[in-house]
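Topology and contacts: notes
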Protein chains: 2
Amino acid sequence: MSDLPFAEHDHTHCASGGLIHADRLAEEKGLRLTPVRRAALEILLSGHRAMGAYEVLDHLKNKGFGSQPPVAYRALDFLVENGLAHRVQRLNAFAACTQPSKHHRPVFMICRDCEQVAEAEADEVQETLINVAARADFEIERVNVEILGLCPSCKVDPA
Amino acid sequence: MSDLPFAEHDHTHCASGGLIHADRLAEEKGLRLTPVRRAALEILLSGHRAMGAYEVLDHLKNKGFGSQPPVAYRALDFLVENGLAHRVQRLNAFAACTQPSKHHRPVFMICRDCEQVAEAEADEVQETLINVAARADFEIERVNVEILGLCPSCKVDPA
DNA sequence: GTATTACACGTTACACTATAACGTGTCGAA
DNA sequence: TTCGACACGTTATAGTGTAACGTGTAATAC
Ligand SMILES: [Zn+2]
Ligand SMILES: [Zn+2]
Ligand SMILES: [Zn+2]
Ligand SMILES: [Zn+2]
């Protein structure tokens, strides 16, 4: 996985790597990475972009799993809970985590043109958020940081 | 309006102040703050919390405006576009801006217990986001920064 | 003074997103 | 074996958001 979010990369590698990591994590932490959950992750990884729950559901259906919304939502919730995927609020969508090895609070960059989503590490952002919350005596549990704009490609060629 | 987001304050004052500011802004910038738009802002201000579009719509209906969803969504979109309100992604809700005098990129703190939303200035956060985007050659248009957790009250007394 | 254009705002109808509630099967602990 | 926890499937419904169209009004163009 590249550190440059929108850069080209070997996608088949990062997809299989994601599954391998998930398997290992499941074993280490005793998570129940059941068939439908693993399939949901595989779908997110192969799509390699933010996908809506119903889009994931379609794929799950095709693979012989349940066909009703809760099936997808529960699998996706599991993945998010365990750091294997993230929810992208702006798009009402889910994306496989591109850096699942560390528990992190990513920043998402969402291209409004091509709808690609990139996940960036940003400890510096998190530190400032901690300060903001501290000033208000607010206890942080989760954060959601999303940047909307134009990715490098679409910036040059607004097709 | 207090600088301490969750602190007590004179609400009737901040509500009427919000409307006055909106009127002035409309005149200065030639915005068309029509009756339904002004009413929507008034509703958000008087509720003094994040409200769903359908909740706003109910109030608009009661005031004699249209009763269908687009009426509310269009009015709310106008307010957001012009910095008079913000959208809170996490809650699928809208909140009147508490500091509409300056064009800003706020950070929201959302209490998961009482659902109160506080808006904080955080230039330091925005600066780090600019850096993150620059490293990815991403062009920022908007940002959404939301912190989920417990407000000072609910932290002490998890009712 | 009309014609044209832009836009606000109301409607109907629909699409998309998400959850509640319940029944069944499985598996490990008591 | 009996219980409790949980996963996962279902049906049904709730909640959120838009597309598309018609009307009125006001500013600009001719
Ligand atoms: Zn991640
Ligand atoms: Zn793009
Ligand atoms: Zn604001
Ligand atoms: Zn609270």
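Residues numbered from 1 in each chain as written. Chains lettered and ligands numbered in written order. Predicted model: local features only at pLDDT ≥ 70, side-chain atom pairs only at ≥ 80, totals over all residues. Heavy atoms only, no water.

Before going further, it helps to examine the protein's contact with DNA strand D. Close contacts around DNA strand D come from 17 residues, with T34, Q68 and R74 of chain A together with Y54 and R87 of chain B the closest. Considering the 4 Å shell around the protein, atoms of DNA strand D inside it are sugar or phosphate in 54% of instances. A distance of 2.9 Å separates a phosphate oxygen of DNA strand D from a polar atom in the side chain of Y73 of chain B. Within the side chain of R87 of chain B, one N or O atom sits 2.6 Å away from a phosphate oxygen of DNA strand D. Of all elements in the fold, only α2 (35-47) and α4 (69-81) of chain A together with α4 (69-81) of chain B reach the threshold of two or more residues within the surface near DNA strand D. (Near = heavy atom within 4 Å. Polar contact = N/O pair within 3.5 Å; in protein donor to acceptor, adjacent residues only side chain to side chain. Helix = DSSP H or I, 4+ residues; strand = E, 2+ residues; numbered from the N terminus.)

Residue and element names in this part refer to chain B. Coordination of the zinc ion (ligand 4) by the protein comes from C111 (SG), C114 (SG), C151 (SG) and C154 (SG), over a distance range of 2.2 to 2.3 Å. Around the zinc ion (ligand 4), the four donor atoms sit at angles spanning 104 to 115°, and that spread fits a shape best called tetrahedral. Read N to C, the donor residues that coordinate the zinc ion (ligand 4) are spaced as C-x2-C-x36-C-x2-C. Of the two residues, C111 sits in strand β3 (residues 107-111) while C151 sits in the loop between β5 (139-150) and α6 (152-156), which places them 40 residues apart along the sequence. With respect to class, C111 is no different from C151; both count as buried. (Donors = N, O, S within 2.8 Å, 3.2 Å for Na, K, Ca; no water. Tetrahedral: all angles 85-135°; square planar, octahedral: opposite > 155°, others 65-115°. Buried < 20%, exposed > 50% of the residue type's maximum accessible area, 1.4 Å probe, protein only.)

When two helices pack together, you describe them by how their axes are tilted relative to each other and by the distance separating the axes. Residues and elements named next belong to chain A. Between helix α3 (residues 53-62) and α4, the shortest axis-to-axis distance is 9 Å and the interhelical angle comes to 105°. Classed by the angle they form, the pair α3 and α4 counts as roughly perpendicular. Residues A53, Y54, V56, L57 and L60 of α3 lie in contact with α4, whose contacting residues are P69, V71, A72, Y73 and L76. Its residues assigned to classes, the contact of α3 with α4 comprises 10 nonpolar, no polar and no charged. (Axes fitted to C-alpha atoms, helices over the stretch in contact; angles between N-to-C directions. Parallel < 35°, antiparallel > 145°, perpendicular 65-115°, else oblique. Contact = heavy atoms within 4.5 Å. Nonpolar A, V, L, I, M, F, W, Y, C, P; charged D, E, K, R; others polar.)

Residue and element names in this part refer to chain A. Its 19 residues give helix α1 (residues 11-29) an end-to-end C-alpha distance of 27 Å, which sits within 8% of 27 Å, the value for a rise of 1.5 Å per residue. Turning to α1, the residues buried within the fold contact α2. A positive phi of about 70° marks G30, the residue just after α1. (Expected span 1.5 Å × (residues − 1).)

With 39 residues of chain B in contact, the opposing surface of chain A contributes 39 residues. Regarding the contact of chain B and chain A, the summed buried area is about 3400 Å², with carbon and sulfur atoms giving 57% of it. Taken together, the connections running from chain B to chain A amount to six salt bridges. One salt bridge connects R112 of chain B with E141 of chain A, and the closest N-O pair in it is separated by 2.7 Å. Inspection of the chain B/chain A interface yields 15 residue pairs in polar contact (both at pLDDT 80 or more). Listing elements by their share of the side of chain B that touches chain A, those giving two or more residues are β3, α5 (123-135), β5 and α6 of chain B. With 12 residues, β5 of chain B is the largest single contributor of residues to the side of chain B that touches chain A. (Buried area = accessible area lost by both parts, 1.4 Å probe. Salt bridge = Lys/Arg side-chain N within 4 Å of Asp/Glu carboxyl O.)

This paragraph deals with the relation of the copies chain B and chain A. Mapping chain B onto chain A is achieved by rotating through 180° and translating by 0.1 Å along the same axis, at an RMSD of 0.1 Å. In short, the pair behaves as if placed about a two-fold rotation axis. Every residue of chain B has its C-alpha some distance from the rotation axis, and the shortest such distance is that of V145 of chain B, at 2.3 Å. The fraction of interface residues of chain B whose copies in chain A are also interface residues reaches 100%, indicating that both copies meet through the same surface. (Least-squares fit on C-alpha atoms with pLDDT ≥ 70 in both.)

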